[in-house]
Amino acid sequence: MSNNLLKGKKGIIFGALDEKSLAWKTALKCYEQGAQIVLSNAPVALRMGEINKLAEQCGNAPVIGADVTSMEDLKNLFEKTTEHFGGKIDFILHSIGMGINVRKGKHYTEMNYEWNLKTLDISAISFHKVLRTAWDLDALNEGASVVALTYIAAQRVFPDYNEMADAKSLLESITRMFGYYYGEKKKVRVNTISQSPTKTTAGGGVKGFDGFYNYADKMSPLGNAPTEDCANYITVMFSDLTRMVTMQNLFHDGGYSFTGVTSSIIEQMGDLK
Ligand SMILES: NC(=O)c1ccc[n+]([C@@H]2O[C@H](COP(=O)([O-])OP(=O)(O)OC[C@H]3O[C@@H](n4cnc5c(N)ncnc54)[C@H](O)[C@@H]3O)[C@@H](O)[C@H]2O)c1
């Protein structure tokens, strides 16, 4: 059902790899709520071709490749996007993550630093690069909304999340810092949404993912937040209903982040007396 929450708004959605991606569902929601969108992903991901199906379902949205670590690619993307829209941009979703040490099974204590720099560049510094490109080209409208996706490993230890915990901490810091400057300059809002574990390609890459997915589900009074609800939350963050929210890390996790223990976990632990 559409409430036309994003009627007349125009945005870029980064990171829709396949139907499971958080960005995929978000693109569909934004379109359903009246937005016009441009889709972007790394050239290597575009070669899979899946994104073309999404583009069709979003009113033949243009698909423009950009390796998010390349300032040249980002400049090209923003220039082509504003040309396509015939004006500036109202929202951006950064839904991008890649842990090279995680992928290659390197333990946190034995980190390969070259891979780690790549991880930080793709998963965190890229958010600075996206904001910086928009800033330099003055590509955002007054009051625009920018959201990146993060995970609670930025605040608490989840051992197998490995170097991605550091990447998410940096991502959240960039959100506050750039959010400050962009707020002052143009009332642009910058926030992260901290999502429950979700069964996607990036999510499934974490060792022991099923365990942490089930544990989080039992530790959340509402259960894990599904992809569809994450897409709804992002859509509201892009709408004018949240125009005074900025520089925040917003938990979208069924209550997990503020729960000490649940009856379900206590039952499972047994009576220790
Ligand atoms: N799945 C989860 O459990 C979960 C939980 C909390 C937060 N998140 C975050 O949500 C975001 C989206 O992940 P997802 O779970 O939908 O998985 P996903 O694998 O579908 O999406 C990750 C995307 O990052 C893109 N990407 C990787 N390197 C890139 C590069 N150099 N340039 C441009 N794009 C690049 C990939 O092509 C892919 O589309 C990530 O930031 C992830 O950390 C995921």
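About the cut-offs
Residues numbered from 1 in each chain as written. Predicted model: local features only at pLDDT ≥ 70, side-chain atom pairs only at ≥ 80, totals over all residues. Heavy atoms only, no water. Helix = DSSP H or I, 4+ residues; strand = E, 2+ residues; numbered from the N terminus. Polar contact = N/O pair within 3.5 Å; in protein donor to acceptor, adjacent residues only side chain to side chain. Salt bridge = Lys/Arg side-chain N within 4 Å of Asp/Glu carboxyl O. Buried < 20%, exposed > 50% of the residue type's maximum accessible area, 1.4 Å probe, protein only. Near = heavy atom within 4 Å. Areas by Shrake-Rupley, 256 points an atom, 1.4 Å probe, with all protein chains shown as cover. Nonpolar A, V, L, I, M, F, W, Y, C, P; charged D, E, K, R; others polar. Pairing = 2+ DSSP bridges.

To continue, consider the environment of Thr-259. Tracing the chain through its elements places Thr-259 in the loop between β6 (249-252) and α11 (263-269). With 38 residues separating them in the primary sequence, Thr-259 and Pro-221 have C-alpha atoms 7.9 Å apart. Here Gly-255 takes part through its backbone oxygen, which lies 2.7 Å from a polar atom of the side chain of Thr-259.

Looking now at the pattern of salt bridges. The final tally for this structure, using the stated rule, is 9 salt bridges. Put simply, Glu-50 and Lys-53 hold a salt bridge, and the shortest N to O gap is 3.0 Å. We classify Glu-50 as partly exposed; its relative accessible area is 22%. Its salt-bridge partner being Lys-129, residue Asp-121 comes within 3.0 Å of it at the nearest N-O pair. One network of salt bridges, with partners in common, ties together Lys-25, Lys-29 and Glu-228.

Around the ligand there are 27 residues in total, and Ser-21, Asn-41, Lys-168, Thr-198 and Thr-200 lie nearest to it. Measuring from an oxygen atom of the ligand, one finds a backbone N or O atom of Ile-96 at 3.0 Å. Separating an oxygen atom of the ligand from a backbone N or O atom of Ala-202 is a distance of 3.0 Å. Across the complex, the protein chains shield 93% of the 820 Å² of accessible surface that the ligand would expose by itself. Going through the elements one at a time, β4 (140-150) and α8 (201-204) are the ones with two or more residues in the shell around the ligand. When its residues are assigned to classes, the shell around the ligand shows 13 nonpolar, 12 polar and 2 charged.

Taking burial as the measure, the 6 residues of strand β3 (residues 89-94) include 6 buried ones, the bulk of the element. Across 4 bridges, strand β1 (residues 10-14) lies against β3 in parallel orientation. Each bridged residue has a counterpart across the sheet, and for Ile-13 the counterpart in β3 is Leu-93. Sheet topology places β3 next to β4; 5 bridges connect them, and they run parallel. Of the residues in β4, the one forming a bridge with Ile-92 is Val-146.

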